[in-house]
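For reference, the chains in residue letters:
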Amino acid sequence: MDARTEILDRIRRASADITETDPVVDVPVEWTYGTGLPLDDVVATFVEKVLDYQATVVRVAAANVAQAVVDGLVASGVTSSVVVPPGLDPAWLEAMRGVGWEVRVDDPPLTHEQLNGTDAVVTAASSAIADTGTIVLTHGADQGRRAITLVPDRHVCVVRASQVVSDVPESIAAVKPEVLEGYPMTMISGGSATSDIELSRVDGVHGPRQLYVVVVDDL
């Protein structure tokens with residue numbers, strides 16, 4: 001008996017007692033998509049999961065966001081330049097310029113060479129997922145096109161506490177309007193990293209190797 005035949009034979013034996021052919025009726029799902037998980041504190045859970053990815057997270061009041069962005073860039077090692085989407089809060093740009101950095105607004109779009117020569121990117125977010133520690137971008141005006149969040153080596157991302165939801169289905173429901181309008185969606189779980197067959201970790205292969213998250217307590 002070859003492996004394929006053996007596998008199919010095991011499946012037949014395991015399903016021999018199933019009399020209902022409709023899987024929906026046979027195994028009813030007592031769950032409604034998009035209703036979320038029962039978490040005690042979604043924001044605290046999100047922070048904990050992001051830290052598990054070896055990213056940095058700070059929580060600040062709304063009045064302190066601009067300074068927190070600057071602090072995050074300094075902590076990430078920025079020395080000269082930052083790229084920002086055209087719709088980012090002007091107060092954040094002013095705070096960055098006040099340090100002496102060149103703030104490169106991606107309008108008109110910067111070249112890949114210009115992006116590669118930029119220290120970091122600063123964006124807002126569309127949603128965040130507590131269960132997985134994931135940030136969701138839909139690349140609107142305050143998040144910019146996908147390239148600016150993939151090429152620079154550092155990413156400082158501002159997430160409002162009111163944007164944090166419990167799980168993936170709840171987040172998908174939250175960003176559904178933007179997706180239906182044709183916006184792309186990017187999910188970020190920590191800094192970019194990959195491992196080869198020998199489990200040697202390499203950072204920064206598919207995007208920024210450093211992620212610094214500013215959570216704004218706007219609830």
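A quick note: this is a predicted structure, and the numbers were derived from the prediction, not measured. (Residues numbered from 1 in each chain as written. Predicted model: local features only at pLDDT ≥ 70, side-chain atom pairs only at ≥ 80, totals over all residues. Heavy atoms only, no water.)

### Comments concerning the pattern of salt bridges
- Scanning the entire structure with this criterion turns up 7 salt bridges.
- Put simply, Arg10 and Glu6 hold a salt bridge, and the shortest N to O gap is 2.7 Å. Taken together, the residues span about one helical turn, with Arg10 and Glu6 both in helix α1 (residues 3–14) at a distance of 4 residues.
- Between Arg104 and Glu102 there is a salt bridge, and its shortest N-O distance comes to 3.3 Å. (Salt bridge = Lys/Arg side-chain N within 4 Å of Asp/Glu carboxyl O. Helix = DSSP H or I, 4+ residues; strand = E, 2+ residues; numbered from the N terminus.)

### Structural notes on the layout of surface pockets
- Within this model, the largest pocket holds a volume of roughly 280 Å³.
- Along its surface, the largest pocket is lined by 20 residues, and Ile188, Ser189, Gly190, Gly191 and Ser192 are the ones closest to its centre.
- Those elements that provide at least two residues to the lining of the largest pocket are β9 (186–188) and β12 (210–217).
- Residue contributions to the lining of the largest pocket peak at 3 residues, all from β9.
- Residue composition of the lining of the largest pocket, grouped by class: 7 nonpolar, 11 polar and 2 charged. (1 Å grid on protein atoms, 1.4 Å probe; cavity = no way out; pocket = protein on both sides within 12 Å on 5 of 7 lines; lining within 4 Å. Points joined across faces, edges and corners; volume = space filled by probe spheres on them. Nonpolar A, V, L, I, M, F, W, Y, C, P; charged D, E, K, R; others polar.)

### Considering the nonpolar core
- Core analysis: the biggest nonpolar cluster contains 23 residues, and Val69, Leu73, Val82, Val84, Met96, Val122 and Val214 have the highest contact counts within it.
- Where this core is concerned, the elements lending two or more residues are α4 (65–76), β2 (81–84), α5 (90–99), β4 (120–123), β7 (154–160) and β12.
- Those residues in contact with Met96, other than ones at most four positions away along the chain, are Val69, Val70, Leu73, Val82, Val84, Leu88, Trp101, Val103 and Val122.
- Judged by nonpolar contacts, the second largest core, of 19 residues, contains Val43, Val57, Val164 and Val215. (Core = buried A, V, L, I, M, F, W, Y, C linked by side-chain atoms within 4.5 Å. Buried < 20%, exposed > 50% of the residue type's maximum accessible area, 1.4 Å probe, protein only. Contact = heavy atoms within 4.5 Å.)

### Overview of α4
- Taking 1.5 Å as the rise per residue, α4 with 12 residues should run 16 Å; its terminal C-alpha atoms sit 16 Å apart, in good agreement.
- Those residues of α4 lying buried are Val65, Ala66, Ala68, Val69, Val70, Gly72, Leu73 and Ser76.
- On its buried side, α4 packs onto β1 (56–61), β2, α5, β4, β7 and β12. (Expected span 1.5 Å × (residues − 1).)

### Topic: the sheet that holds strand β8 (residues 164–165)
- Spatially, the 4 strands line up as an open sheet ordered β8-β5-β6-β9, and their pairing is mixed. Since the sheet does not close on itself, it has two edges, and those belong to β8 and β9, each with one partner.
- Summarising the sheet, strand β5 (residues 127–129) and strand β6 (residues 134–137) pair through 3 bridges and their orientation is antiparallel. Paired with Ala128 across the bridge in β6 is Ile135.
- Across the face of the sheet, helix α7 (residues 168–180) comes into contact with β5, β6, β8 and β9 while running at roughly 175° to β5. (Pairing = 2+ DSSP bridges. Axes fitted to C-alpha atoms, helices over the stretch in contact; angles between N-to-C directions.)

### Brief notes about the side chain of Ser171
- Along the chain, the position of Ser171 falls in helix α7.
- The exposure class assigned to Ser171 is buried, which follows from its relative accessible area of 1%.
- When neighbours within four sequence positions are excluded, Ser171 is seen to be in contact with Ser127, Ile129, Val136 and Val165.

### Section: the pairing of β12
- With 6 of its 8 residues buried, β12 lies for the most part within the structure.
- Pairing of β1 with β12, which is carried by 6 bridges, proceeds in the parallel orientation. Paired with Val57 across the two strands is Val213, which belongs to β12.
- Pairing of β7 with β12 involves 7 bridges; the strand directions are parallel. Paired with His155 across the two strands is Leu211, which belongs to β12.

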